[in-house]
Amino acid sequence: MRVGVITFPGSNCDEDCSFSLGQLEGVEVSRLWHKDTASLGELDLIVLPGGFSYGDYLRTGAMAAISPIMSAVKEYASRGGRVFGICNGFQILCESGLLPGALVKNQKLGFICKEVTIEVGDPSPWTAPLSTGTQLKLPIAHGEGRFVVDPTTYSEMKKHGQIAFRYLEDLNGSFEKIAGITNREKNVCGMMPHPERAADLKSRDGMKIWNALLRQVREKA
Amino acid sequence: MKARIHIFYKDSVFDPQGNTVAASLQRLGFNTVKDVRIGKVIDVTLEAKRIEDARIEIGKMCEKLLVNPVIESYRLESIEA
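Structure report, in brief. (Residues numbered from 1 in each chain as written. Chains lettered and ligands numbered in written order. Predicted model: local features only at pLDDT ≥ 70, side-chain atom pairs only at ≥ 80, totals over all residues. Heavy atoms only, no water.)

Describing the overall build of chain B
- Each helix and strand counted, chain B has 2 helices and 3 strands in total.
- Along chain B, from the amino end to the carboxyl end, the secondary structure elements read β-α-β-α-β.
- Against the 2.2 N^0.38 benchmark of 12 Å for 81 residues, chain B shows a C-alpha radius of gyration of 16 Å, more extended than a compact globule.
- With the C-alpha coordinates aligned to their principal axes, the bounding extent of chain B is approximately 50 × 25 × 15 Å.
- Every one of the 81 residues in chain B was classed for burial, and the buried ones make up 32%.
- Across chain B, every contact between residues at least 6 apart in sequence was considered, and the portion connecting residues at least 24 apart equals 72%.
- On chain B, roughly 5500 Å² of surface is accessible, and the fraction owed to carbon and sulfur atoms is 52%. (Helix = DSSP H or I, 4+ residues; strand = E, 2+ residues; numbered from the N terminus. Rg over C-alpha atoms; globule rule 2.2 N^0.38 Å. Buried < 20%, exposed > 50% of the residue type's maximum accessible area, 1.4 Å probe, protein only. Contact = heavy atoms within 4.5 Å. Areas by Shrake-Rupley, 256 points an atom, 1.4 Å probe, with all protein chains shown as cover.)

Pasting the structure below:
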């Protein structure tokens, strides 16, 4: 299975995504640069990672949405190709029109960085076999994660089962506590929380450094 | 030619910045303040023979990049040679 991870100028979760996905059995990660316009047809999945593409200039995701590679991504998606956006990747997918709605400044303006509980919403290939209501603990790290959408579009989204994830509690003022959505065809999905930051079982060696630090301080005392 | 574009969140989109500034103004004693909305101003210098051409060009720019119609609306404030 070939997964493409796109790096835009200012992406900062591209390494984490590539590493995290690369740990999975049978996954081959291809790194893509935002200026690549080659055919993406051989990929099984394209991931738009989090970060601050183009320094969030103009609007989050606005500049990345018109990057050269995004024309190819749109074409890939229009043929049914699977596209997944995390955090800034989600913002880019909304800006490019691949997903409905938009993500704007959090209700209380602050940048929120913490672990939160979300629950699986409408059933979709993005969450199967997890059933609706399954709770997940994932970190969020965003200043502009308040999902907004007009009521007409929302009722269409609800009708077509496009609400992929909701926060358990209201965190950022997101409409109907929405944390992630899909397009109507269910081949494009975006979410604000970061699965790649909660999917690393490979090394606990960081604990050895923390333990050494503690030991050093204790011995000095 | 020089064009000035004003961009604001649509009325239906909550503007937390404007809301916070409104509360601060009221705290300072400006009890007349009912609401504050904060937007942005974009100045574009462009080449165009006629104002009408520039106006059409600016409209396209707003559509393609400068404005997200899902959340924002805009007004071409001025356009001059």
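Let us keep going from here.
Details of the nonpolar core
- Residues Val47, Leu48 and Phe147 of chain A are the most contacted members of the largest nonpolar core, which totals 54 residues.
- Setting aside anything within four residues of it in sequence, one finds valine 47 of chain A in contact with Val3, Gly4, Val5, Ile6, Cys17, Leu21, Phe84 and Ile86 of chain A.
- Residues Met1, Ile5, Ile58 and Cys62 of chain B belong to the second largest nonpolar core, which totals 13 residues. (Core = buried A, V, L, I, M, F, W, Y, C linked by side-chain atoms within 4.5 Å.)

Some words on the interface of chain B and chain A
- Of the residues lining the interface, 15 residues belong to chain B; the matching set on chain A comes to 15 residues.
- Overall, the association of chain B and chain A removes approximately 1200 Å² of surface from exposure, summing both partners, and the carbon and sulfur fraction of that is 64%.
- Summed over the three residues of chain B that lose the most area to chain A, namely Phe14, Pro16 and Leu65 of chain B, the buried surface amounts to 38% of that side.
- Run the count over chain B and chain A and you get 1 salt bridge.
- Measuring nitrogen to oxygen at the nearest pair gives 3.6 Å for the salt bridge that ties arginine 59 of chain A to glutamate 72 of chain B.
- On inspection of chain B and its partner chain A, the count reaches 5 residue pairs in polar contact (both at pLDDT 80 or more).
- Broken down by secondary-structure element, the contributors of at least two residues to the side of chain B that touches chain A are helix H1 (16-27), strand E2 (40-45) and helix H2 (51-66) of chain B. (Buried area = accessible area lost by both parts, 1.4 Å probe. Salt bridge = Lys/Arg side-chain N within 4 Å of Asp/Glu carboxyl O. Polar contact = N/O pair within 3.5 Å; in protein donor to acceptor, adjacent residues only side chain to side chain.)

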